[in-house]
Amino acid sequence: MFAFLRRSRNRKLIERLHARIIAAARNPVLFVDYGVADTLDGRFEMVTLHAALVLRHMHRLAPPAPDLAQDLADCLFRHFDLALREMGVGDTSVPKRMRALAEAYLGRSLAYEKALDTLAEAQETGEDREKPSLLPLEEALIRNIYRKATDETAQDDPRADPACNAAIEKLAVYVRLNDESLAKMSFNDVLKGELPFVAPQA
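Here the structure is a predicted model, which is why all the values come from computation and not from measurement.

A count of helices and strands for the protein gives 8 helices and 0 strands. In the protein, the order of α-helices and β-strands from amino to carboxyl end is α-α-α-α-α-α-α-α. A burial count over the protein gives 42% of its 202 residues as buried. For the protein, the proportion of contacts with a sequence separation of at least 24, taken over those separated by at least 6, is 68%. Element-wise, carbon and sulfur atoms account for 54% of the exposed surface of the protein, whose accessible area totals about 11700 Å².

Written out as structure tokens, the structure is:
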């Protein structure tokens, strides 16, 4: 009975953390002022970005935080699965689509991790300390969020558009600020279902 109650509490906590991620990912400012496409792909990219930031820092906390991080990742993909089915994707096609989503999530998560670690290393060694270069992060965001997917053989350079270039820079700053905020997150914050996201500025 006690084990069941613990699992029940954990499920409620994980769902609460998932809801915090979704709320942050759906902030209208990201789509109106940051140039993210308000499409299924754009919303997937935002959920992936925010989940990757949270999981990155949950995995760095002491046990059992990494176990909760895995539970949260599992919850994320359960909701992806449910969303596909609600969109009318047939049972036989769901596993293939889920594999594609998992590969997309992993690739993006690793790209953001590498870019943010590069930024942190530059700051620690004194390089770009006063005004850190966000170029590695901006490049990851361009590939995953601002890319032109209509013609892969002749993609436009998003930076050629001043408005898009400004949006890229704003989103990179937003990601860096959230990475720094989430780095200060404690395990008690996690247990309370609190994720210290920084709101995007219009």
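This brings us to helix 7 (residues 162–183). Between its first and last C-alpha, helix 7 extends 32 Å over 22 residues, near the 32 Å set by a 1.5 Å rise per residue. Between a side-chain oxygen at the N-terminus of helix 7 and the backbone nitrogen of A163 the separation is 3.0 Å; the capping residue is D161.

For the protein, the average pLDDT comes to 89, and 88% of its residues sit at 70 or higher. With pLDDT under 50 throughout, residues 149–154 is counted as low confidence; its partners more than four residues away or in other chains account for 0 contacts.

A word on the packing of aromatic side chains. On inspection of all chains with the given rule, the structure shows 4 aromatic pairs. Ring plane angle 90° and centroid distance 5.3 Å describe the contact between F77 and F80, whose orientation is recorded as edge-to-face. Of the two residues, F77 and F80 both sit in helix 4 (residues 65–86), 3 residues apart, roughly one turn of that helix. In terms of burial, F77 and F80 fall into one category: buried. Through successive ring pairs, a cluster of aromatic residues spans F44, F77, F80 and Y105.

A few words on the pattern of salt bridges. Applying the stated criterion across every chain yields a total of 11 salt bridges. Notably, a salt bridge pairs R60 with E113, separated by 2.9 Å at the nearest N-O pair. Of this pair, R60 sits in the loop between helix 3 (40–58) and helix 4 while E113 sits in helix 5 (residues 94–124), placing them 53 residues apart in sequence. A relative accessible area of 48% means that R60 is categorised as partly exposed.

Okay, the nonpolar core next. Counting residues in each nonpolar core, the largest one holds 63 residues, and the members touching the most others are M46, M58, L141, I145, Y146, L171 and V175. The set of elements that each furnish at least two residues to this core consists of helix 1 (2–25), helix 2 (28–32), helix 3, helix 4, helix 5, helix 6 (135–146) and helix 7.

With that settled, consider the side chain of R108. By secondary structure assignment, the location of R108 is in helix 5. Judged by relative accessible area, R108 falls into the buried class, the value being 14%. If we skip the residues at most four places from it in the chain, R108 touches F44, E45, T48, N144 and R147.

Definitions and limits used
Residues numbered from 1 in each chain as written. Predicted model: local features only at pLDDT ≥ 70, side-chain atom pairs only at ≥ 80, totals over all residues. Heavy atoms only, no water. Helix = DSSP H or I, 4+ residues; strand = E, 2+ residues; numbered from the N terminus. Buried < 20%, exposed > 50% of the residue type's maximum accessible area, 1.4 Å probe, protein only. Contact = heavy atoms within 4.5 Å. Areas by Shrake-Rupley, 256 points an atom, 1.4 Å probe, with all protein chains shown as cover. Expected span 1.5 Å × (residues − 1). Polar contact = N/O pair within 3.5 Å; in protein donor to acceptor, adjacent residues only side chain to side chain. pLDDT = per-residue confidence, 0-100. Phe/Tyr/Trp six-rings, centres within 6.5 Å; stacked < 30°, edge-to-face > 60°. Salt bridge = Lys/Arg side-chain N within 4 Å of Asp/Glu carboxyl O. Core = buried A, V, L, I, M, F, W, Y, C linked by side-chain atoms within 4.5 Å.

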